[in-house]
Amino acid sequence: MKKRIINTENAPAPIGPYNQAIKIDNMLFISGQVAMDPLNNNELRISSINNETHQVMKNLSAILEEASMDFRNVVKTTIFLSDMSYFNEVNTIYGSYLKEGDEPARETVAVKTLPKEVNIEISMIAID
């Protein structure tokens, strides 16, 4: 088993005792990402669920790229929402980053609160 820590300056630095992602052999486990903008002092992009979702997807993309992967490699996604009323808008934006017909398995759940009082957090598992 070959384990490699994946971190990039193009995604927010971890806010706790974890890494952005861990690659084990050909599997990549990406920690939940929130709408912190790493190119702007990790400022939160929470003015709308639209902006929040795009920032989360950009952060995930940067981590995938650091691991020499992209969204086509993603096999499993978990989406956490602060309110299920965001589901349709998040679903549309999330889907725009994926190739139709090649979408990963996924669950979406509403939770009471998320770190930094954000409205969305997404984690992924990818395989190359």
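Structural data are supplied above this passage.
The following refers to the structure shown.

Thresholds, definitions, all that
- Residues numbered from 1 in each chain as written.
- Predicted model: local features only at pLDDT ≥ 70, side-chain atom pairs only at ≥ 80, totals over all residues.
- Heavy atoms only, no water.
- Helix = DSSP H or I, 4+ residues; strand = E, 2+ residues; numbered from the N terminus.
- Rg over C-alpha atoms; globule rule 2.2 N^0.38 Å.
- Buried < 20%, exposed > 50% of the residue type's maximum accessible area, 1.4 Å probe, protein only.
- Contact = heavy atoms within 4.5 Å.
- Salt bridge = Lys/Arg side-chain N within 4 Å of Asp/Glu carboxyl O.
- Phe/Tyr/Trp six-rings, centres within 6.5 Å; stacked < 30°, edge-to-face > 60°.
- Polar contact = N/O pair within 3.5 Å; in protein donor to acceptor, adjacent residues only side chain to side chain.
- Core = buried A, V, L, I, M, F, W, Y, C linked by side-chain atoms within 4.5 Å.

A short note on the overall build of the protein chain
The helix and strand tally for the protein chain stands at 2 helices and 8 strands. Helices and strands in the protein chain line up, N terminus first, as β-β-β-β-β-α-β-α-β-β. Relative to the globule expectation of 14 Å for 128 residues, the C-alpha radius of gyration of the protein chain, 14 Å, shows essentially globular dimensions. Considered along the principal axes of its C-alpha atoms, the protein chain spans approximately 40 × 35 × 25 Å. Put simply, the protein chain has 128 residues, and 40% of those count as buried. A sequence separation of at least 24 residues applies to 67% of the contacts in the protein chain between residues at least 6 apart.

Brief notes about the pattern of salt bridges
When charged atoms on two side chains of opposite charge get close, those side chains can pair. Across all of its chains, the model carries 5 salt bridges by this definition. The residue Asp37 makes a salt bridge to Arg45 at a minimum N-O spacing of 2.8 Å. Residue class for Asp37 comes out buried when judged on its relative accessible area of 10%. One salt bridge connects Lys76 with Glu107, and the closest N-O pair in it is separated by 2.4 Å. Here the residue Lys76 occupies a position in strand S6 (residues 74-81), and Glu107 occupies one in strand S7 (residues 105-110), the gap between them amounting to 31 residues. Glu107 sits in the partly exposed class, given a relative accessible area of 31%.

Let's talk about the packing of aromatic side chains
Counted by the stated rule, this structure contains 1 aromatic pair. Taking 5.9 Å as the distance between ring centres and 70° as the angle between the ring planes, the aromatic pair formed by Phe71 and Tyr97 counts as edge-to-face. With a gap of 26 residues between them, Phe71 in the loop between helix H1 (49-66) and S6 and Tyr97 in the loop between helix H2 (87-96) and S7 connect regions that are remote in the sequence.

Notes on the environment of Asn19
For Asn19, the location among the structural elements is in the loop between strand S1 (3-6) and strand S2 (21-24). Taking the relative accessible area as the measure of exposure, Asn19 reaches 25% and is therefore partly exposed. Residues Asn19 and Ile5 lie 14 residues apart in sequence; the distance between their C-alpha atoms is 6.9 Å. The residues contacting Asn19, other than those within four sequence positions of it, are Ile5, Asn7, Pro14 and Ser31. Within the structure, the side chain of Asn19 is placed 3.0 Å from the side chain of Asn7, a separation counted as a polar contact.

A short note on the nonpolar core
Formed by 26 residues in total, the largest nonpolar core has its most connected members in Leu28 and Met124. For this core, the leading source of residues is H1, giving 7 residues. Look past the residues within four positions of Leu28 in its chain and what remains in contact with it is Ile6, Ala21, Ile22, Lys23, Leu64, Ala67, Met69, Met124, Ile125 and Ala126.

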